[in-house]
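Listed below are the residues making up each chain.
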Amino acid sequence: MNRNDTEPHIAHVFRGTFVHSTRQAPVEILTNSLLGVDDEGKIAFIEKDQDASRLSKIWGFETSKIKQLEQYEFLMPGMVDTHIHASQYSYSGTALDLPLLEWLKTYTFPVEAKYKDLEFARNIYTKVVRRTLKNGTTTACYFATIHTDASLLLGELADKLGQRALVGKVCMDCNPKVPQYKESQDECKKETDRFIKELLKKKYPNVKPVVTPRFAPSCSSALLSQLGEIANNNKLHIQSHISENKEEVDLVKKLFPDCKSYTDVYLKHNLLTDRTVMAHGCYLTDEELETFHETGSAISHCPNSNISICSGMLNVRNVLNHKVKLGLGTDVAGGYSPSMLDAMRRTLDTSKALTIQDPQHQTLTFEEVFRALHKCVPSPSALSLDDQIGNFEVGKDFDALHVNVCVPDGPVDVFPGEGPEVILEKFLNLGDDRNISAVYVAGRQVVPFPETQLSVGTF
Ligand SMILES: O=c1[nH]c(=O)c2nc[nH]c2[nH]1
Ligand SMILES: [Zn+2]
């Protein structure tokens, strides 16, 4: 068959093992298969077929260009961090000794205030995008700070380094404990409008704005309403925090006495939509989870943070039983690790801790958590990007990790007779960035970093 010049051409063909989630199965492993990516970065074919010459004729590629994956190598979809504070990356791994509200006042707000300085912002934002990409995060849902220009810079860096991202300029007009770190309601509205307009004007293919009220305690009711209106008028994503710790839940009750729950605060301000991602949710009641289900809003489970600053333990099984969309988040820097593999492990640990407390609790399986790593079907994904990413279906963007479980001096040992299921489980439980040989976003190889990007910032 002759292919028309206007049709996409094949940019990459891989042969070997591909692991992903489908509507039917949380883990599907295809061995001895071929996966082709076109020059628009989309998956052109994935076939369990040794007949490369037939496919090469149909698609017009040379079989000599096929990249062969070896015994301990596989491709899996890129991981999606549904909640990460790019602005807190500089102190990740430290400052984990206070509960949420004290932690915000003591560590977080003073650091975030520094992002007025664009050179400071450039250095940290470059590092967080690179670190997360290297660890296999192909999509990140970022909180920046209240500063519009630094938030735009984060979008520019994600685009340049090749990460898919939702970027949020943080909105907060109440901060009695650190009053110098906030804006007026009017500034929040104007700056959010400017942020959205300028970011969209850049036409970055994979970087979009997300409307970001920090959380109910730092926003007036008037600001929440305005942000709901902006998000709904422009069909934008929304991100915030909800029910992370008990003191915060009590504070919200006092601040919003007319709302029957924390969820009701966001519902009343039109902030719960099928493009909303709320982080934590440890103390949501069944009734609140029903509201999440009805509105199509998602929860970002951030287990490292939940444990590190002693916030609580989200019962993910209960969330799934309510058919609420669920993603995983690192929540750097309340969570100390920027790695989504860590988020997966902490998710399993928390689920097991809940089973220790209550043997009736149905522990999550590693397969279920694997699905949550890249937000796949059956329910629309936490970030509602399912038609575009999440697995290796034909037509989706090729966001993928090339994993090699057996690298010299790596963290994983393999033994004879171990098949792809074992190799996958070992990578998920024991692997790290040394096992991620390459990262692709929309077909573009973004890790290893190109030589031109090897030098980073000044400090
Ligand atoms: O873990 C968190 N990190 C934050 O920065 C934050 N702000 C409000 N609530 C929060 N929770
Ligand atoms: Zn957070």
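Residues numbered from 1 in each chain as written. Chains lettered and ligands numbered in written order. Predicted model: local features only at pLDDT ≥ 70, side-chain atom pairs only at ≥ 80, totals over all residues.

**Considering the overall build of the protein chain**
In terms of helices and strands, the protein chain carries 14 helices and 17 strands. Principal axes of the C-alpha set define a box for the protein chain whose edges measure 70 × 55 × 40 Å. Sequence separation of at least 24 residues holds for 74% of the intrachain contacts in the protein chain that already meet a minimum separation of 6. (Helix = DSSP H or I, 4+ residues; strand = E, 2+ residues; numbered from the N terminus. Contact = placed C-beta atoms within 7 Å.)

**Topic: the site of ligand 1**
The environment of ligand 1 is formed by His85, Leu100, Leu104, Thr108, Arg214, Phe215, His241, Glu244, Ser305, Asp331 and Gly334. Looking at the shell around ligand 1, the element that brings in the most residues is helix H2 (residues 100-112), giving three residues. Grouping the constituent residues of the shell around ligand 1 by class yields three nonpolar, five polar and three charged. (Near = placed C-beta within 6 Å. Nonpolar A, V, L, I, M, F, W, Y, C, P; charged D, E, K, R; others polar.)

**Comments concerning the pairing of strand S17 (residues 444-447)**
Bridge count between strand S16 (residues 436-441) and S17: three bridges; the pairing is antiparallel. If you follow tyrosine 440 over to S17, its bridge partner there is glutamine 445. Between S16 and S17, which follow one another and run antiparallel, lie two residues, and alanine 442 among them has a positive phi close to 50 degrees. (Pairing = 2+ DSSP bridges.)

**Here we look at the environment of threonine 108**
Within the secondary structure, threonine 108 is located in helix H2. Placed 13 residues apart in sequence, threonine 108 and alanine 95 show a C-alpha to C-alpha distance of 9.3 Å. Apart from residues no more than four positions distant in its own chain, threonine 108 is found in contact with Gln88 and Trp103.

**Quick look at helix H5 (residues 185-201)**
Its 17 residues give H5 an end-to-end C-alpha distance of 24 Å, which sits within 8% of 24 Å, the value for a rise of 1.5 Å per residue. Among the residues making up H5, those that are buried are Cys188, Thr192, Phe195, Ile196 and Leu199. Seen end-on, H5 carries its buried residues on one side only, within an arc spanning 90 degrees. Away from the buried face of H5 by more than 90 degrees, exposed residues Asp186, Lys197 and Lys201 are located. Where the residues of H5 are buried, they touch helix H4 (148-161), strand S8 (164-168), strand S9 (170-171), strand S10 (207-213) and helix H6 (221-233). (Expected span 1.5 Å × (residues − 1). Buried ≥ 20, exposed ≤ 12 C-beta atoms within 10 Å, placed from the backbone. Arc of directions from axis to C-beta.)

**Overview of the nonpolar core**
One broad trend across soluble globular proteins is that nonpolar side chains are buried collectively. Among the nonpolar cores identified, the biggest contains 126 residues, and Ala86, Tyr125, Tyr142, Leu154 and Val167 are the most heavily contacted of them. Among the elements that take part in this core, H4 stands out by supplying seven residues, more than any other. Both of domain 1 (10-77 + 391-451) and domain 2 (79-373) provide at least three residues apiece to this core. When residues no more than four places from it in sequence are discounted, the contact partners of leucine 154 are Ala86, Tyr125, Tyr142, Ala144 and Val167. (Core = buried A, V, L, I, M, F, W, Y, C linked by C-beta atoms within 7 Å. Domains from an automatic or database assignment.)

**Here we look at the domain arrangement of the protein chain**
Many analyses report the size of an interface as the accessible area lost when the parts associate. Domain assignment breaks the protein chain into domain 1 (10-77 + 391-451) and domain 2 (79-373). Measuring from the centre of the C-alpha atoms in domain 1 to the corresponding centre in domain 2 gives 30 Å. Domain 1 puts 19 residues into the contact, and the matching count from domain 2 is 21 residues. Listing elements by their share of the side of domain 1 that touches domain 2, those giving two or more residues are helix H14 (420-430), S16 and S17.

**Comments concerning the packing of H4 against H5**
The geometry of H4 relative to H5 is characterised by a closest axis approach of 10 Å and an angle of 25 degrees between their N-to-C directions. What the angle tells us is that H4 and H5 run roughly parallel. Relative to H5, the crossing made by H4 is right-handed. Within the contact between the two elements, H4 uses Thr148, Ser151, Leu152 and Gly155 and H5 uses Glu191, Arg194, Phe195, Glu198 and Leu199. Split by residue class, the contact of H4 with H5 holds three nonpolar, three polar and three charged. (Axes fitted to C-alpha atoms, helices over the stretch in contact; angles between N-to-C directions. Parallel < 35°, antiparallel > 145°, perpendicular 65-115°, else oblique. Left-handed = near helix turned anticlockwise from the far one by under 90°.)

**Points about unusual backbone geometry**
Peptide bonds are, in most cases, trans, and in most cases residues other than glycine have a negative phi. In this structure, alanine 333 follows valine 332 across a cis peptide bond, with omega equal to 10 degrees. Within the element layout of this structure, alanine 333 appears in the loop between strand S14 (325-328) and helix H12 (340-357). Note the cis peptide between valine 447 and proline 448, where omega equals 0 degrees. Tracing the sequence through the fold places proline 448 in the segment after S17.

**Some thoughts on the confidence of the model for the protein chain**
On average, the protein chain scores 94 in pLDDT, and the residues at 70 or more come to 95%. Overall fold confidence (pTM) sits at 0.97, and the ipTM for the predicted complex is 0.98. (pLDDT = per-residue confidence, 0-100.)

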